[in-house]
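The primary structure of each chain is shown beneath.
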Amino acid sequence: MKCPYCGDDNTRVIDSRPADDNEAIRRRRQCDECGKRFTTYEKVETIPLIVIKKDKNRESYDRSKIESGVVKSCHKRPVSVNQIETCVDEIENRIFNLELKEIESSKIGEIVMDEIVKLDQVAYVRFASVYREFKDVNTFMEELKKLLDK
């Protein structure tokens, strides 16, 4: 592993431990040249997932887009960063458990909505209003009614 500080490739592992609920390995490394320490993570390489957008364009799956949507919908809500991270992890697990090579963005949106409603109802309504592209108050009220009927 190349040192991020001096670029030398003589580094050694000084500590290893499980990370992310045993989904990855965290390694502390030390450079033999400059003596600085840094951390690396080893994770199983997953099948690249392609997302089919509404306009039929295809792009690589990007976890940060889901994180961004969930964070925005939870803005000024009593939802912790850990809860958001857990929610996004669950969304991602559901997506990858489908074992698809390509997935429509609408399917991802439905999975996000299924998970975000468990997190916070206001966040759910915020996400739904953007995702479902409510055209008027009536469609907004229909979504609220579904939420209240649960």
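Structure shown above.
Residues numbered from 1 in each chain as written. Predicted model: local features only at pLDDT ≥ 70, side-chain atom pairs only at ≥ 80, totals over all residues. Heavy atoms only, no water.

### Some details on the sheet that holds strand β6 (residues 102-104)
Working step 1: Spatial ordering of the open sheet is given by β5-β4-β6, a layout of three strands whose pairing is mixed. In the strand order of this sheet, the two ends are held by β5 (58-60) and β6, each with one partner. Taking the axes of each pair of neighbouring strands and ignoring which way they run, one obtains an average angle of 35 degrees across the sheet.
Working step 2: Relative to β5, strand β4 (residues 50-52) runs antiparallel, the two sharing three bridges. (Pairing = 2+ DSSP bridges. Helix = DSSP H or I, 4+ residues; strand = E, 2+ residues; numbered from the N terminus. Axes fitted to C-alpha atoms, helices over the stretch in contact; angles between N-to-C directions.)

### So, the packing of helix α1 (residues 63-73) against helix α4 (residues 121-131)
Working step 1: Between α1 and α4, the least distance of the axes is 8 Å, while the angle of their chain directions is 120 degrees. Judged by the angle between their axes, α1 and α4 are oblique. You can see that α1 and α4 cross each other, and the crossing is right-handed. Contacts from Gly69, Lys72 and Ser73 of α1 reach α4 at Ala123, Arg126 and Phe127.
Working step 2: Residue composition of the contact of α1 with α4, grouped by class: two nonpolar, two polar and two charged. (Parallel < 35°, antiparallel > 145°, perpendicular 65-115°, else oblique. Left-handed = near helix turned anticlockwise from the far one by under 90°. Contact = heavy atoms within 4.5 Å. Nonpolar A, V, L, I, M, F, W, Y, C, P; charged D, E, K, R; others polar.)

### Quick look at the nonpolar core
Working step 1: The biggest cluster of nonpolar side chains holds 28 residues, and the ones touching the most others in it are Ile66, Val70, Ile91 and Ile95.
Working step 2: Residue assignment for this core shows that the elements contributing at least two residues are α1, α2 (81-97), α3 (105-119) and α4.
Working step 3: Residue contributions to this core peak at seven residues, all from α3. (Core = buried A, V, L, I, M, F, W, Y, C linked by side-chain atoms within 4.5 Å. Buried < 20%, exposed > 50% of the residue type's maximum accessible area, 1.4 Å probe, protein only.)

### Focus: the side chain of Arg27
Working step 1: Examined against the element boundaries, Arg27 turns out to sit in strand β2 (residues 24-31).
Working step 2: A distance of 2.9 Å separates the side chain of Arg27 from the side chain of Glu42, its partner in a polar contact.
Working step 3: Once residues lying within four places of it in the same chain are set aside, the contact partners of Arg27 are Val13, Asp15, Ser16, Phe38, Thr39, Thr40 and Glu42. (Polar contact = N/O pair within 3.5 Å; in protein donor to acceptor, adjacent residues only side chain to side chain.)

### Description of the environment of Gly109
Working step 1: Along the chain, Gly109 turns up in helix α3.
Working step 2: Judged by its relative accessible area of 5%, Gly109 falls in the buried class.
Working step 3: Through-space distance from the C-alpha of Gly109 to that of Phe127 is 9.2 Å; in sequence the pair is 18 residues apart.
Working step 4: Excluding anything up to four places from it in sequence, Gly109 contacts Phe127 and Tyr131.

### Concerning the side chain of Gln30
Working step 1: With respect to the secondary-structure elements, Gln30 resides in strand β2.
Working step 2: A relative accessible area of 16% means that Gln30 is categorised as buried.
Working step 3: A distance of 3.3 Å separates the side chain of Gln30 from the backbone oxygen of Gly35, its partner in a polar contact.

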